Every structure is written in structure tokens, then in C-alpha cells.
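# Close look at the chain arrangement
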Amino acid sequence: MTEHQEFDAVVLGAGFAGIAAARELKRQGRKVVVLEARDRIGGRAWTSRLGSHKVEMGATWIHWFQPYIWAEFIRAGLTLHEDPWLPPITIWVDGKPQGIAFERFRQILQDCWSVFAQDGETGHRMELPYDLDSLDGAAALDDLSVQDVIDGMNLTPVERVAFRAEISVQMNALPEDVSFLSQLRWWSASGWQIGLMIDCLARYKVEEGVSRLIEIMAERAGLDIRLDSPVARVDQTGDRVVVTTRDGRTFTAGRVVTALPMNCIKNVAFAPPLSEAKMALSHEEHAAKGMKVLFQTEGEPTGHAIVAEPDAPLNLINPIRIEGETRIYVGFGADGQAFDPTDLDAVNRVLSDLHPDLKAVAATGHDWSTDAFSLGTWHMPRPGQNLRVAQAFAEPEGRVFFAGDYLAKGWVGFMDGAIESGLLTADRVEESLRADAA
Ligand SMILES: Cc1cc2nc3c(=O)[nH]c(=O)nc-3n(C[C@H](O)[C@H](O)[C@H](O)COP(=O)(O)OP(=O)(O)OC[C@H]3O[C@@H](n4cnc5c(N)ncnc54)[C@H](O)[C@@H]3O)c2cc1C
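The name recorded for the chain in an unreviewed UniProt entry is FAD-dependent oxidoreductase, from Methylobacterium soli. Recorded in UniProt for the chain, the comment headed Sequence similarities (unreviewed entry) runs: "Belongs to the flavin monoamine oxidase family." The chain has a UniProt comment under Cofactor (unreviewed entry) that states "FAD".

Here it is, written out as C-alpha cells:
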């Protein structure tokens, strides 16, 4: 193909960060194009189906504590769905299942989190979620792993399983692979209370689906989006940047917004090359490469919630929709390769090890970790990566700017953080385009 076009800005990636950035720039009167590798927008937010039921393969839950996504949800005029609370919980401790009441489970988590994040006499370890720069001893907190801190806690066997399982679900990774600071940031953003944190992370979702939400954002802005357009190269020459797709089309602009997942940046050739610090982070990747499976059961009298150690193929399952005799469950595990979530037999082998009465009649999921356009699930910094990401991506590289869930000041690894980053980056791009004209 020989297509060649001129723009004020080219945005790479049509996830929430890219769509928010493109919309903002278009509102400033800029000529913008969005180049998206997939045949749909939304990136890691993708509403699909399990039989006749709508399910979220990626991003799901939103909350009014997440100001950017909440504003979009309200403006879009969509409907809130509340997921049911946990049914009777079975927790696996020392290889044996035992029942635990939800209130007791929640109290264990609150107590463990309070010790973990050192509230009480010494105050919260991180008071201001949006202010990493002024956090005393941030580097030392970032260098610790979640497991390093758990090792210093004096936990009973039940507490240990409950806390490690819950925090592994949040991280979609093992506790030894994730920075302590990553989880302090989440705890701080959700008001230092377990009830609020559960509400923020896994209670309310968009009935029509997150795909519909981002489609409304793009449609209302009238964005020029080119699907099936994976970007191969970004060349900065003089005062222009030339973006080349894998099929040879070129798009020239004054600025480029790279709104790709951090893990995918390495797969685009930049000339001049990006800083070593940026490339090193993209090659190291963040830690979340876990499992999300959705499955359907029929005719269960009460339903099940199951909690197991992080190294189990699934360490938390819970029903998220009940319609008559039908239950739709979600399950999470730290290893995205543990089994194939689209293979019903494989799913049922895993479920039967967790509870003899659990049998799925349909199942689905998406392998985000080997998907070349995500290479992971939600952004989850490894030890040391929170500060390194903030430093490495603080400045653009010439005319190439960066946005994504990994660059949020607040909700890192969320749709909210992706929008926050897209908006702030668009402001910086606009400022620099105006400086050109001055
Ligand atoms: C299983 C799962 C569960 C999640 N649960 C939640 C949740 O409940 N709540 C929540 O808020 N968040 C959740 N998230 C996280 C959320 O999906 C992300 O934080 C957010 O969608 C990231 O937006 P983004 O724009 O930064 O990146 P992305 O959505 O990944 O967008 C980047 C875009 O770049 C495209 N791209 C990649 N490479 C190229 C290339 N070479 N050329 C062109 N385009 C390219 C991709 O296809 C993609 O569309 C979840 C994610 C997953 C995977």
C-alpha cells in the first residue's frame, strides 16, 4: 500500500488512553488519526459473549472513586450493574477445604491489610495516592516485593491463605513478583478500607459492557480510527514524525502519542531509538500475566466462592451474575498458562479439584499474556518498577509522547488510569504544538 497522509498528531493504540488522548486533541481542533492493531477498539477492555450472556474478557469493574472512568460512564448514560456478594466461601488451607463466613473472611483481610500497609499508630504508609514524588522512602518501599512484607507478618494459616489469595487476585501475579508499592498505591486510592477496596475493584460494572462505553467516547468525538493497522515503525525526521504500519502505509504528523501497553512498546522500531530506560522496562515487562476465566453453571442451589493459595490454577472464584438457575462465574489465577479457559474439559478438571459439586456447562477467557498487542493483563509493577517507570517516562522523546494505564498517577493498571494519562498527555502535546506555532 502507498497511502500517505498528514496529521497534527498520530495516536498509536485505541485503548482508553489512546481514545481519551485523541478525543482531547480533536477538541482542540487538531487533525488526529488513531492507528489500532486489532479489528476493534478498546484494547484490554473487550466485551464478548459466553453463550447468550455478555461477559467482560478484560477490564470489568468501575467505581465512583475512579474519577475519570466514572465521568465517562455518567456522560455516556449507561447502566450500572451490581455483582452479587460472595456466597458461602470455601477456603483451602494446608490442602484441605474448610468453610468460612464472608464477614470473617472480610475481617481477616482488613486486619491483614492494616498490618501490611502499616496503618494505625504510624499512619498509612501512603497517604496521597496521586503523590508518589513526595512519598518518604518510596524507593525502599518499591524495592520490596509483596511477599517480602508478608514474610514479616505473623499470620495464622487461614490468614495467610486468605490474604495471599486476595492480593494475588488483585495482582494477577505471585506475591514475590510484585512491588509492595504497587499494592500500597491501590490501598491508598481506595481509602484504606477493605470494604471500599472490594467495591472499587470488583463490585460495579457497566451493564452494556465496557466496549460500548469506549465506543460511545469514540463515536461522539467522531474520531478517525484505522483498525487492523499494527504500527511497525516511528521515525522522527526534522520537525515531523513518520509512522509506518506493518503493511507499509505511512502517516506523518507533528506529534505522536504512543498509547500502547508498556510491554508492547519494544515491538515498535523507533528511530532515533527510545531511551535505554524505557526499552529496558518494556523488555522486563510488568508482572501481571495471570488467568481470568468466565464460566457458566446450571441448577446450583447456593453457588460457591472458593479461595485457594496463589499457586493453585485458580485462587479465587465467585459468581458475578445469577439469572434463574444460571450462574456466571469469574475465576482468577496467577498463571495465565495454567490451563486453556476456552477448553471446557480443562476448566472442569480445575473446578472439580476445587469443589466436587462445581461443573461448568460453558467457559471462555482470553490469553492476554501471549496476545502480541497486550503481552499481559493489567499493569502491575515488579519490585523497583514504580519509580523507574515514573522517571523513565516523565519526558517525551522529541516529538513522541507516551500514555497508558502504566503512567497514571492514581489508578495505575485501570481504565481510569489509562484515561487520566491520555488526557494529561494530550494537554502536553497540545502545549508543544502551540509552542511550535509561537
Ligand atoms: C483480564 C483483565 C481484567 C481487567 N480488569 C479491570 C477492571 O476490572 N477494571 C479496570 O479499570 N481495569 C481492568 N483491567 C485493566 C484495563 O483493561 C487496562 O488498565 C486499560 O484498559 C488499559 O488501557 P490502555 O489504553 O492503557 O491500554 P490498552 O487497552 O491495552 O490499549 C492499547 C492499544 O494498543 C494496541 N496496540 C498494541 N500494539 C500495537 C501496535 N504495534 N500498533 C497499533 N496498535 C497497537 C492494542 O491493540 C490496544 O488496543 C483489566 C485488564 C485485563 C486484561
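Turning to the domain arrangement of the chain, a few remarks are in order. For the chain, the assigned domains read domain 1 (4-44 + 210-285 + 374-437), domain 2 (47-85 + 287-365) and domain 3 (106-194). For domain 1 versus domain 2, the separation of C-alpha centres amounts to 30 Å. The interface is formed by 26 residues belonging to domain 1 together with 22 residues belonging to domain 2. Between domain 1 and domain 2 lies a buried interface of about 2,000 Å² when both sides are counted; carbon and sulfur atoms form 59% of it. Counting the surface domain 1 buries against domain 2, the share from its top three residues, Leu 213, Met 415 and Asp 416, is 25%. For the interface between domain 1 and domain 2, the tally reads two salt bridges. Here Glu 72 makes a salt bridge to Arg 23, at a shortest N to O gap of 2.6 Å. Applying the counting rule to domain 1 against domain 2 returns 13 residue pairs in polar contact (both at pLDDT 80 or more).

A few words on the site of the ligand. Around the ligand, the structure places 35 residues, and the nearest of them are Glu 36, Arg 44, Trp 61, Val 231 and Asp 405. At 3.4 Å from an oxygen atom of the ligand is found a main-chain nitrogen or oxygen belonging to Gly 43. Here an oxygen atom of the ligand sits 3.3 Å away from a polar atom, N or O, in the main chain of Phe 414. For the ligand, whose unbound accessible area comes to 1,000 Å², protein coverage reaches 98%. Of all elements in the fold, only helix H1 (16-27) and helix H13 (415-437) reach the threshold of two or more residues within the shell around the ligand. Class assignment of the residues belonging to the shell around the ligand gives a composition of 20 nonpolar, ten polar and five charged. Two domains each donate at least three residues to the shell around the ligand, and these are domain 1 (4-44 + 210-285 + 374-437) and domain 2 (47-85 + 287-365).

Looking at where Val 257 falls in the secondary structure, it is placed in strand S13 (residues 250-258). Placed 139 residues apart in sequence, Val 257 and Pro 396 show a C-alpha to C-alpha distance of 9.3 Å. Contacts of Val 257, omitting those with residues within four sequence positions, involve Val 10, Val 11, Leu 12, Ala 21, Leu 25, Phe 401, Ala 403, Thr 425 and Val 429.

Between H1 and H13, the shortest axis-to-axis distance is 7 Å and the interhelical angle comes to 35 degrees. Taken as a pair, H1 and H13 cross one another with a handedness that is right-handed. Along the contact surface, H1 presents Phe 16, Ala 17, Ala 20, Ala 21, Glu 24 and Leu 25, while H13 presents Met 415, Ala 418, Ile 419, Gly 422, Leu 423, Ala 426, Asp 427, Val 429 and Glu 430. Classifying every residue of the contact of H1 with H13 by side-chain character gives eleven nonpolar, one polar and three charged.

With that settled, consider a negative patch on the surface. Taken together, the side chains of Asp 148, Asp 151, Glu 176 and Asp 311 define an acidic patch exposed on the protein surface. Among the structural elements, Glu 176 can be located in the loop between helix H6 (157-171) and helix H7 (180-189). The exposure class assigned to Glu 176 is partly exposed, which follows from its relative accessible area of 41%.

Let us now look at the pairing of strand S2 (residues 32-35). Both faces of S2 are covered, namely the face carrying Val 32 and Val 34 and the face carrying Val 33 and Leu 35. Between the parallel elements strand S1 (residues 4-12) and S2, the chain passes through H1 in a crossover that is right-handed. As paired elements, S2 and strand S10 (residues 225-226) share two bridges and run parallel to each other. By the bridge assignment for S10, Leu 35 is matched with Arg 226.

A few words on unusual backbone geometry. A cis amide bond links Ala 271 to the next residue, Pro 272, at an omega of -5 degrees. When you line up the elements, Pro 272 lands in the loop between strand S14 (269-271) and helix H10 (276-284). Even without a glycine there, the phi angle at Glu 285 is positive, about 70 degrees. Positionally, Glu 285 belongs in the loop between H10 and strand S15 (291-298).

In sheet architecture, strand pairing relies on hydrogen bonds along the backbone and comes in two forms, parallel and antiparallel. Here we have seven strands laid out as an open sheet, ordered S8-S7-S16-S17-S18-S15-S19, and mixed in their pairing. Unpaired on one side and paired on the other, strand S8 (96-100) and strand S19 (362-365) mark the two borders of the sheet. With strand direction ignored, the average angle separating the axes of adjacent strands in the sheet is 20 degrees. Relative to S8, strand S7 (residues 89-93) is paired through five bridges, and the arrangement is antiparallel. Among the inter-strand pairings, Ile 91 is bridged to a residue of S8, identified as Gln 98.

Definitions and cut-offs
- Residues numbered from 1 in each chain as written.
- Predicted model: local features only at pLDDT ≥ 70, side-chain atom pairs only at ≥ 80, totals over all residues.
- Heavy atoms only, no water.
- UniProt positions renumbered as here; feature names shortened; annotations may be inferred.
- Domains from an automatic or database assignment.
- Contact = heavy atoms within 4.5 Å.
- Buried area = accessible area lost by both parts, 1.4 Å probe.
- Salt bridge = Lys/Arg side-chain N within 4 Å of Asp/Glu carboxyl O.
- Polar contact = N/O pair within 3.5 Å; in protein donor to acceptor, adjacent residues only side chain to side chain.
- Near = heavy atom within 4 Å.
- Areas by Shrake-Rupley, 256 points an atom, 1.4 Å probe, with all protein chains shown as cover.
- Helix = DSSP H or I, 4+ residues; strand = E, 2+ residues; numbered from the N terminus.
- Nonpolar A, V, L, I, M, F, W, Y, C, P; charged D, E, K, R; others polar.
- Axes fitted to C-alpha atoms, helices over the stretch in contact; angles between N-to-C directions.
- Left-handed = near helix turned anticlockwise from the far one by under 90°.
- Patch = residues over 30% accessible without salt bridge, like charges linked within 9 Å, V, L, I, M, F, W, Y side chains within 5 Å.
- Lys, Arg positive; Asp, Glu negative; His and termini not counted.
- Charge placed at Lys NZ, Arg CZ, Asp CG, Glu CD.
- Buried < 20%, exposed > 50% of the residue type's maximum accessible area, 1.4 Å probe, protein only.
- Right-handed = clockwise from strand over helix to strand, strands pointing away.
- Pairing = 2+ DSSP bridges.

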